[in-house]
Amino acid sequence: MATDQSYRVGIIGCGGMGRSHSRNWQKQPNVEVVAAMDIYEESAKRLADEFGIPAFYTDVDDMLAKEDLDIVSITTWQGPRSAATVAAANAGVKGILGEKPMSASLGQADAMLNACEQNDVKLVIGHQRRYSPVNIEIRRLVAAGAIGNPTTLHHRAKPHAGLLNTGTHAIDGWRFILSDPETLWVIGQTSRTTDRWERRTICEDLCMGLVCFEGGARAIYEGDLPDPAVSMPTIAGTEGQIRNGENGTVLLQNNDAKGWQTIQPPPEPKNQFQELIEWIEGKIPTHRSRGEQARYTIEIMMAIYESLRIKNVVNMPLETKELPLELMVNDGTLPVLEEGRYDLRTPFEGQARKR
């Protein structure tokens, strides 16, 4: 990608995703990763040493004040991501690339979007599967009417992960292959009898959600539900279905041919990093993973929890800005019946149980 501008990039959060973002930014022309920040000094120093980053910090505001950054990658856990995004936007960066999930509540997501709008900052959330050739081809087929009117989508999450962790890619993926429709309503069920957390955010033991999108397509999310698992198409419609094939292929079955057609999607030349730079430079009108798209995903996940809280269908837009699961834990609706706090990703100090 040719560009006549240069960009100073800072990394906030120096774990595995911080390494991934550092590696990808260094592949972009005219980009220099100049600073790394983590609340744990040893993590920030380790990332700086690994990628030759000249400065490292343990305080977000200190880094933003000293480094004159153009872009920041915010690869923290979801809990502190909103505050870091607001701070970066207020500091005058041009673009922010945050990891998923966007935040830990709808209110936090709105705070991020508002700060970026007020400061004319481009906000992107890393739903990188929007760059998958398979997903792009499925989106194209659906939009072209290859399976008629879309009716059902399905996702069974990997075990012991949590909705905020695995639901974000699944739900964003649904919206992407449906060409990003509005959400009409959500109904869900959630259970939490253990003191389960995921990256220091309260997490459910299991959940399911049924999402109705504009046009009537229904999407089913299963998280830690009992076996047996059921094989479902990636998406089905009134005139056919699509499944993911082997080796990056797409399988299509419809009324135009007998049996299954195997489609090899063309490669996707762009990634989310270079597309953010193109958006900043005004070469494209928007980014396929812009913050507004990620907000829809947070809203749907929060609505799955909210459905249990209000014991009803949640008609969109969702009004509750707090994390409904946390509200139910705090008011006693979801009491802990099995003592022993544990985090699915990073154990608490002295954590007694792991799942």
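That block above? That's the structure.
Anyway, here's the lowdown on the structure attached to this text. (Residues numbered from 1 in each chain as written. Predicted model: local features only at pLDDT ≥ 70, side-chain atom pairs only at ≥ 80, totals over all residues. Heavy atoms only, no water.)

### Remarks on the overall build of the protein chain
Just so we agree on the cut-off: Helix and strand labels come from DSSP, where a helix needs a run of H or I of at least four residues and a strand needs a run of E of at least two; each type is numbered from the N terminus. Exposed residues in this analysis have more than 50% of their type's maximum accessible area, buried residues have under 20%, and partly exposed residues fall in between, with area computed by a 1.4 Å probe over protein chains only. For every accessible area listed, the method is Shrake-Rupley and the probe measures 1.4 Å; residues are considered covered only by the protein chains on display. In this charge count, Lys and Arg are treated as positive and Asp and Glu as negative; neither His nor the chain ends contribute. To locate a charge, the coordinates of NZ of Lys, CZ of Arg, CG of Asp or CD of Glu are taken.
On a plain count of helices and strands, the protein chain comes out with 10 helices and 18 strands. In terms of overall dimensions, the protein chain has C-alpha extents of about 60 × 55 × 35 Å along its principal axes. Across the 355 residues that make up the protein chain, the buried fraction comes to 54%. Approximately 15,700 Å² of the protein chain is accessible, and the part contributed by carbon and sulfur atoms is 48%. Between the averaged position of the 38 positive side-chain charges in the protein chain and that of its 47 negative side-chain charges there is a distance of 4 Å.

### Some remarks on the nonpolar core
Where a protein is soluble and globular, its nonpolar side chains tend to be buried together. Where we set the bar: Put simply, buried Ala, Val, Leu, Ile, Met, Phe, Trp, Tyr and Cys residues joined by side-chain atoms within 4.5 Å make one nonpolar core. We call two residues contacting when some pair of their heavy atoms lies within 4.5 Å.
If you look at the biggest cluster of nonpolar residues, it comprises 75 residues, and the most contacted ones within it are Val 72, Ile 96, Met 102, Ile 235 and Ile 242. For this core, the leading source of residues is helix 9 (residues 291–310), giving 9 residues. Ignoring any residue separated from it by four or fewer positions in sequence, one finds Ile 235 in contact with Ile 138, Val 142, Ile 147, Pro 150, Thr 152, Leu 153, Ile 177, Leu 178, Gln 241 and Ile 242.

### Some remarks on the packing of aromatic side chains
Our working rule: Classification of ring pairs uses Phe, Tyr and Trp, with its six-membered ring standing for Trp, and accepts pairs whose centres are within 6.5 Å; under 30 degrees between planes counts as stacked, over 60 as edge-to-face, and the remaining range as tilted. Placement of a charge over a ring requires the Lys NZ or Arg CZ to be within 6 Å of the ring centre, with the centre-to-atom vector within 35 degrees of the ring normal.
The full count for this structure, using the stated rule, is 2 aromatic pairs. Here the aromatic rings of Trp 25 and Phe 273 are separated by 5.0 Å at their centres, their planes lie at 85 degrees, and the arrangement is edge-to-face. In this pair, Trp 25 is assigned in helix 1 (residues 16–25) and Phe 273 in helix 8 (residues 272–280), connecting sequence segments 248 residues apart. In this structure Trp 25 comes out as buried when scored by relative accessible area, which is 0%. Its relative accessible area of 4% is what places Phe 273 among the buried residues. The aromatic ring of Tyr 296 is capped on one face by Arg 175, whose charged end is 4.0 Å from the ring centroid.

### Notes on helix 9
Basically, it comes down to this: Here a helix's expected span is defined as the number of its residues, less one, multiplied by 1.5 Å. Here the bend at a residue is taken as the angle between two axes, fitted respectively to the seven residues that end there and the seven that start there.
Over its 20 residues, helix 9 extends 27 Å from the first C-alpha to the last, a length consistent with the 28 Å expected when each residue adds 1.5 Å. Along helix 9, the sharpest change in direction is near 30 degrees and occurs at Ile 304. At the C-terminal side of helix 9, Lys 311 shows a positive phi close to 55 degrees.

### Thoughts on the pattern of salt bridges
Selection rule: We define a salt bridge as a side-chain nitrogen of Lys or Arg found within 4 Å of a carboxyl oxygen belonging to Asp or Glu.
Per the counting criterion, the structure on display carries 24 salt bridges. Between Glu 299 and Arg 295 there is a salt bridge, with its nearest N and O atoms 4.0 Å apart. Of this pair, Glu 299 and Arg 295 are both found in helix 9, 4 residues apart, which corresponds to roughly one turn of the helix. Neither Glu 299 nor Arg 295 differs from the other in exposure class; each is buried. Taken together, the shared-partner salt bridges connect Arg 130, Arg 139, Asp 172, Arg 175 and Asp 180 into one network.

### Here we look at the sheet that holds strand 9 (residues 194–198)
How we decide: A pair of strands is considered paired only if DSSP assigns at least 2 bridges between the two.
Within the open sheet, the 3 strands sit side by side as 10-9-18. Their pairing is mixed. With one partner strand each, in any of the chains shown, strand 10 (201–202) and strand 18 (338–343) form the two edges of the open sheet. Where strand 9 and strand 10 come together, 2 bridges link them in antiparallel fashion. Paired with Trp 197 across the two strands is Ile 202, which belongs to strand 10.

### Side note on unusual backbone geometry
Of note, the amide linkage connecting Asp 227 to Pro 228 takes the cis form, showing an omega dihedral of 10 degrees. Turning to its location among the elements, Pro 228 is positioned in the loop between strand 12 (218–223) and strand 13 (235–237). The residue after Met 316, namely Pro 317, is reached through a cis peptide bond having omega 5 degrees. Looking at the secondary structure, you find Pro 317 in the loop between strand 17 (314–315) and helix 10 (324–330). Located in the positive-phi region is His 160, a residue other than glycine, with phi close to 55 degrees. With respect to the secondary-structure elements, His 160 resides in the loop between strand 7 (150–156) and helix 7 (163–177).

### Let's talk about a positive patch on the surface
The condition that has to hold: Exposure above 30% relative accessible area and no salt bridge define the residues that can form patches, which grow by joining like charges within 9 Å and nonpolar side chains of Val, Leu, Ile, Met, Phe, Trp and Tyr within 5 Å.
Taken together, the side chains of Arg 19, Arg 23, Lys 27 and Arg 46 present a region of like positive charge at the surface. The residue Arg 46 is located in helix 2 (residues 41–51) in this model. Taking the relative accessible area as the measure of exposure, Arg 46 reaches 46% and is therefore partly exposed.

### Considerations on the packing of helix 1 against helix 8
The test is simple: In this analysis, axes come from line fits to C-alpha atoms, helices being fitted only over the stretch in contact, and the angle between any two N-to-C directions falls in the range 0 to 180 degrees. Angles below 35 degrees are treated as roughly parallel, those above 145 as roughly antiparallel, those between 65 and 115 as roughly perpendicular, and all remaining angles as oblique. For this scheme, ten residues count as nonpolar: Ala, Val, Leu, Ile, Met, Phe, Trp, Tyr, Cys and Pro. Four count as charged, namely Asp, Glu, Lys and Arg, and the remainder, Gly too, count as polar.
Running from N to C, helix 1 and helix 8 point in directions that differ by 60 degrees, and their axes come no closer than 9 Å. In terms of orientation, helix 1 and helix 8 fall into the oblique class. Counted together, His 21, Asn 24 and Trp 25 of helix 1 and Phe 273, Leu 276 and Ile 277 of helix 8 form the full contact between these two elements. For the contact of helix 1 with helix 8, the residue count by class is 4 nonpolar, 2 polar and no charged.

### Re the environment of Val 313
The residue Val 313 is located in the loop between helix 9 and strand 17 in this model. Taking the relative accessible area as the measure of exposure, Val 313 reaches 29% and is therefore partly exposed. For the pair Val 313 and Ala 303, spaced 10 residues apart in sequence, the C-alpha to C-alpha distance is 8.8 Å. Not counting residues up to four positions away in its chain, the partners in contact with Val 313 are Trp 185, Val 186 and Ile 187.

Purely spatial values, then, with no claim about function.
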